Amino acid sequence: MMTAPKLDFLIDVFDIKNYNPQSYDVLLKEKLGILYDLLDRIKPLSDEEIKELNIPDYKDLNIYMLPYYDDLNHKDIMTLYVKRNIYDKEIRQALFYALRNYDYMDKFYDNLRRYGLFKDYLEYSNYYEQIIKDWKIKNNIDKN
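Because the structure is predicted, anything quoted here is derived from the model rather than measured. (Residues numbered from 1 in each chain as written. Predicted model: local features only at pLDDT ≥ 70, side-chain atom pairs only at ≥ 80, totals over all residues. Heavy atoms only, no water.)

### Brief notes about unusual backbone geometry
Part 1 of the argument: Even without glycine at this site, Asn-54 takes up a positive phi of about 50°.
Part 2 of the argument: Assessed through its relative accessible area of 63%, Asn-54 is described here as exposed. (Buried < 20%, exposed > 50% of the residue type's maximum accessible area, 1.4 Å probe, protein only.)

Following this line, the structure appears as structure tokens:
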């Protein structure tokens, strides 16, 4: 007799030998009953017990939330780059057209590469470094 995949999994988990449909229901209820009894005995920890455990928080583990995507404001950085640094009409038009798209970053970077401006853009976009510095100050992160 072939059993369903979930049933096979349960048979393996509960280490049921010689699967028999008649005895299976009784055996499964017995195994699940033991599990439910164990779960019923588990009680939530009190505040004092939690303090005694000395569980580290996110700062102890050096875990910090990174800046949100919106905080980086890519489109504004790219727009300023084009306005301040690109004077050729054709290149300007291609870059601004790329910024109108939904997936503007890939198209913008492709255009920068096509016109040989990618390195220049990376040098200009040190604005990202300022965002990271501000983020470090906001989260009191050492310069390690």
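### Focus on a nonpolar patch on the surface
Part 1 of the argument: There is a patch of nonpolar side chains on the surface, built from Leu-45, Ile-50, Leu-53 and Ile-55 and spanning about 380 Å² of accessible area.
Part 2 of the argument: With respect to the helices and strands, the residue Ile-55 is situated in the loop between helix 3 (47-53) and helix 4 (69-72).
Part 3 of the argument: Given a relative accessible area of 59%, Ile-55 falls into the exposed group. (Patch = residues over 30% accessible without salt bridge, like charges linked within 9 Å, V, L, I, M, F, W, Y side chains within 5 Å. Areas by Shrake-Rupley, 256 points an atom, 1.4 Å probe, with all protein chains shown as cover. Salt bridge = Lys/Arg side-chain N within 4 Å of Asp/Glu carboxyl O. Helix = DSSP H or I, 4+ residues; strand = E, 2+ residues; numbered from the N terminus.)

### Quick notes on the packing of aromatic side chains
Part 1 of the argument: All told, the structure shown has 6 aromatic pairs when counted by the stated rule.
Part 2 of the argument: When the centroid spacing of 5.1 Å and the interplanar angle of 80° are considered together, the rings of Tyr-81 and Tyr-121 count as edge-to-face. On the criterion of sequence distance, the pair formed by Tyr-81 in helix 5 (residues 74-85) and Tyr-121 in helix 8 (residues 118-124) is long-range, its members being 40 residues apart. Taken individually, Tyr-81 and Tyr-121 each receive the classification buried, so the pair is uniform in this respect.
Part 3 of the argument: Between the aromatic rings of Phe-108 and Tyr-121, the centroid separation amounts to 5.6 Å while the plane-to-plane angle is 70°, which identifies the pairing as edge-to-face. With Phe-108 in helix 7 (residues 104-114) and Tyr-121 in helix 8, this pair connects stretches of sequence that are 13 residues apart. As far as burial versus exposure is concerned, Phe-108 and Tyr-121 are alike and both buried.
Part 4 of the argument: Here the aromatic cluster, defined as three or more aromatic residues joined through ring pairs, consists of Tyr-81, Phe-108, Tyr-109, Phe-118, Tyr-121 and Tyr-124.
Part 5 of the argument: Just above the ring of Tyr-104 sits the side chain of Lys-75; from NZ or CZ to the centre is 4.6 Å.
Part 6 of the argument: Directly above the aromatic system of Phe-118 lies the positively charged group of Arg-113, at a separation of 4.4 Å from the ring centroid. (Phe/Tyr/Trp six-rings, centres within 6.5 Å; stacked < 30°, edge-to-face > 60°. Lys NZ or Arg CZ within 6 Å of the ring centre and 35° of its normal.)

### Observations concerning the side chain of His-74
Part 1 of the argument: Here His-74 lies in helix 5.
Part 2 of the argument: His-74 has contacts with Tyr-69, Tyr-104, Met-105 and Tyr-128, leaving out every residue within four places of it along the chain. (Contact = heavy atoms within 4.5 Å.)

From the geometry alone we can't say anything about function, so treat these as descriptive.
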